[in-house]
Amino acid sequence: MNKQEILNYLSEKKRITAPVAAAEEQADQAQQDYAKAKKKWRPGIIILLIFALLEIYGFNKPWGSFLDILGFLLFGGSAAFLIYRKITHHIKPTEAKLAEANSILQRARSNPEYRNGSKDFPAKFYNYYDIYHLWNFINEGRAESLKEAYNLLETHYFQEDQLAIQEDIRRLQSETAAASKVTATASVINVVNSFRNKK
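One structure accompanies this document, and this report is about it. Remember, predicted model here, so these are calculated numbers, not experimental data. (Residues numbered from 1 in each chain as written. Predicted model: local features only at pLDDT ≥ 70, side-chain atom pairs only at ≥ 80, totals over all residues. Heavy atoms only, no water.)

In this structure, L10, F121, L134 and I138 are the most contacted members of the largest nonpolar core, which totals 29 residues. At the level of elements, α1 (3-39), α3 (66-109), α5 (128-139) and α6 (146-198) are the ones that each hand at least two residues to this core. If one sorts the elements of this core by residue count, α1 sits on top with 11 residues. Once residues lying within four places of it in the same chain are set aside, the contact partners of L134 are L10, F121, F125, A149, Y150 and L153. (Core = buried A, V, L, I, M, F, W, Y, C linked by side-chain atoms within 4.5 Å. Buried < 20%, exposed > 50% of the residue type's maximum accessible area, 1.4 Å probe, protein only. Helix = DSSP H or I, 4+ residues; strand = E, 2+ residues; numbered from the N terminus. Contact = heavy atoms within 4.5 Å.)

Right, here's the structure in full:
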């Protein structure tokens, strides 16, 4: 295949995989929204429940009073209201959006055109973003054939992995250096305290 034929071939693959990529993005966003909805108001609800339990503990005391009952009703009722509001206004709507997004994703992946398009293409590169990179490599002249473009993309991902590993190593080194400083400071303080105690 010449350059234009390869570009046309990859453009067709991009067109076929674009609906799946869009559906994956929507499903990922819906999953993130659902996770946020589940965490919404969690610290406040926990604090209110703790205060409600502390008020119940006050019932058993001989000095337990009407104020303890009122506190329990106030804190417990507030926690119950927040839980109800969280479920009805945040969790259930995002759960419905997540189910819809996953359904759209399943339909996009089960599309016969999408399934047939993967038969003559490497499975690990059969997604919109990799095909887009392959198209760019060919279009920019960085690769002359699909095989060269595949190798270039693998090299690109390998380099990204190496950079991520280097970043992790840098982060660990900085954390180790910070921990060493804390340990050194604690050692100096211990030496000074032990010296003072000997006097």
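In this structure the tally under the stated criterion is nine salt bridges. With its nearest N and O atoms 2.8 Å apart, the salt bridge here joins D120 to K13. You can see D120 sitting in the loop between α4 (112-117) and α5 and its partner K13 sitting in helix α1, a full 107 residues away along the chain. On the basis of relative accessibility, which here comes to 48%, the residue D120 falls in the partly exposed class. Ionic pairing is found between E167 and R170, a salt bridge with its closest N-O pair at 3.0 Å. Of this pair, E167 and R170 both sit in helix α6, three residues apart, which is roughly one turn of that helix. For E167, a relative accessible area of 46% translates into the label partly exposed. Accessibility expressed as a relative area gives 46% for R170, which makes it partly exposed. Here the salt bridges share partners, and the residues they tie into one network are E12, R15 and E113. (Salt bridge = Lys/Arg side-chain N within 4 Å of Asp/Glu carboxyl O.)

With that out of the way, let us pick up α3. Taking 1.5 Å of rise per residue, the 44 residues of α3 would be expected to cover 64 Å, and the 62 Å separating its terminal C-alpha atoms lies within 8% of that figure. If you look at α3, its biggest bend is around 35°, right at I87. Along α3, the residues that are buried comprise D68, G71, A79, K86, I91, T94, L98, A101, L105 and A108. (Expected span 1.5 Å × (residues − 1). Bend = angle between axes of the 7 residues up to and from the residue.)

It is worth spelling out the side chain of K14 at this point. Its location among the elements puts K14 in helix α1. There is no salt bridge for the buried K14, and the closest opposite charge comes from E12, which lies 11 Å off by N-O distance. Beyond its immediate chain neighbours, meaning those up to four positions away, K14 contacts Y128, I131, Y132 and W135. (Lys, Arg positive; Asp, Glu negative; His and termini not counted.)

Moving on, we get to the environment of R109. Mapped onto the elements of the fold, R109 is located in helix α3. Here R109 falls in the partly exposed class, since its relative accessible area comes to 34%. For R109, the contacting residues outside a window of four places in its chain are V20, E24, Y114 and R115.

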